[in-house]
Amino acid sequence: MVGPAAAYPSLADRPMKNTICLFDVDDTLTPARNPASREMLATLEALRQKVAIGYVGGSNLVKQQEQLGIPARRPVTDMFDFCFSENGLIAYRLGVELASQSFIKWLGEEQYKELVRFILHHIADLDIPFKRGTFIEFRNGMINVSPVGRNATNEEREAYEKFDLEHKIRETFVEKLKERFGHLGLTYSIGGKISFDVFPTGWDKTYCLQHLENDAKQPGGIKYKTIHFFGDKTFKGGNDYEIFTDSRTTGHAVKSPEDTIRIVKELFGV
Ligand code: M1P
């Protein structure tokens, strides 16, 4: 999958055309916030000859391009049949964007401003070893909140994560938000190392499944009878939990990208 696009059978002509494999990104396809390996890219390419493939990530498309597209030297939207960024709030099928909703439209400007005011005050008062920049990242389907700031380097991310686990900074922060904004119907998901995602309840990774269900209703669309999902944060409270336990999917808990490759090879003989 490095360089120009390989040829794939059309979705209707894949040998297992009613099966799709959906992958989480961080620590499932790539090390967290780092590029995919050549072996992973080759495995995905081989798998795409047999079944439909897609990813469903909490992060935005820019980060998925960095982690998957750049190492393959291709647009990430060409590498998968389905690309679901921000849990599927940004969605592509065969490189074409599908209709999506927005967090800000759902919440409204006034309530959003109140939420931002509370978050930034809370972060300003936090006594943590260091702070960087971009404490709130505004995305289409969610906001991402980071006490240390999204501009932290890889080294700073590791250091912050250790501090956070020991001092429960994010956990306490989320409790306060739940207390203060319980009426808003928001979900807080600690999916990564330095931040947590905030989105309307129900807009977790299961959100992307509606795009697959809609596919069957389109002319020439496919009914996906078997949806394999691979993720590392499949435990309760992890951001893969809901889709992993959903009755529409067959869930696979993985420990690392190498583990994902092993399971895919065992299941599909690629
Ligand atoms: O994909 C998991 C998470 O990855 C990032 O988290 P962090 O920077 O804290 O490691 C974020 O993009 C987050 O939105 C996402 O859920």
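For the structure itself, consult the block above.
Predicted, not measured: the structure shown is a model, and the values here were computed from it. (Residues numbered from 1 in each chain as written. Predicted model: local features only at pLDDT ≥ 70, side-chain atom pairs only at ≥ 80, totals over all residues. Heavy atoms only, no water.)

Take the sheet that holds strand β10 (residues 226-231) next. On the basis of which strands lie adjacent, the open sheet formed by seven strands has the order β5-β4-β3-β2-β1-β10-β11 and mixed pairing. Looking at strand neighbours, the two that pair on one side only are β5 (96-98) and β11 (250-253), the edges of this open sheet. Each strand axis lies, on average, 20° off the axis of its neighbour in the sheet, ignoring direction. Inspection of the sheet shows strand β4 (residues 90-93) paired to β5 by three bridges, in the antiparallel sense. When the bridges of β5 are listed, Arg93 appears paired with Val96. Against the sheet, helix α2 (residues 61-72) contacts β2 (52-56), β3 (82-85) and β4, and its axis sits at roughly 120° relative to β2. Its contacts with the sheet place helix α8 (residues 209-217) against β1 (19-23), β3, β4, β5 and β10, and it is angled at close to 150° to β3. (Pairing = 2+ DSSP bridges. Helix = DSSP H or I, 4+ residues; strand = E, 2+ residues; numbered from the N terminus. Axes fitted to C-alpha atoms, helices over the stretch in contact; angles between N-to-C directions. Contact = heavy atoms within 4.5 Å.)

This part is about unusual backbone geometry. For Arg73, which is not glycine, the phi dihedral falls at a positive 55°. With respect to the secondary-structure elements, Arg73 resides in the loop between α2 and α3 (76-79). A residue is classified by how much of its surface remains accessible, and Arg73, at 62% relative accessible area, is exposed. Even without a glycine there, the phi angle at Leu94 is positive, about 45°. Turning to its location among the elements, Leu94 is positioned in the loop between β4 and β5. Note on Leu94: relative accessible area 42%, which makes it partly exposed. (Buried < 20%, exposed > 50% of the residue type's maximum accessible area, 1.4 Å probe, protein only.)

Here the focus is the sheet that holds strand β6 (residues 136-138). Taken in spatial order, the four strands of this open sheet run β6-β7-β9-β8, and their pairing is antiparallel. In this open sheet, the two edge strands, each paired with only one partner strand, are β6 and β8 (186-189). Averaged over all pairs of adjacent strands, the angle between their axes in this sheet comes to 20°, without regard to strand direction. As defined by bridge partners, β6 adjoins strand β7 (residues 143-145) across three bridges and the pair is classed as antiparallel.

Where helix α5 (residues 109-125) meets helix α7 (residues 169-181), the axes come as close as 12 Å, and the angle between the chain directions of the two elements is 145°. You can see that α5 and α7 cross each other, and the crossing is right-handed. Contact with α5, carried on its side by Glu114, Leu115, Phe118, Ile119, His122 and Ile123, involves Phe173, Lys176, Leu177, Arg180 and Phe181 of α7 and no other residues of that element. For the contact of α5 with α7, the class distribution of residues is seven nonpolar, one polar and three charged. (Left-handed = near helix turned anticlockwise from the far one by under 90°. Nonpolar A, V, L, I, M, F, W, Y, C, P; charged D, E, K, R; others polar.)

On to helix α6 (residues 154-167), then. In a regular helix each residue adds 1.5 Å, so 14 residues correspond to 20 Å; α6 covers 20 Å between its end C-alpha atoms and thus fits that length. Looking at α6, one finds that the buried residues are Glu156, Arg157, Tyr160, Glu161, Phe163 and Asp164. Against α7 lie the buried residues of α6. At the exit of α6 stands Lys168, carrying a positive phi of roughly 50°. (Expected span 1.5 Å × (residues − 1).)

Before going further, it helps to spend a moment on α7. The first and last C-alpha atoms of α7 sit 18 Å apart over 13 residues, in line with the 18 Å expected at 1.5 Å per residue. Restricting attention to buried positions, one finds in α7 the residues Ile169, Arg170, Phe173, Val174, Leu177 and Phe181. Viewed end-on, α7 has its buried residues packed into an arc of 125°, placing them on one side of the element. (Arc of directions from axis to C-beta.)

No statement about biological role is implied by the geometric values presented.
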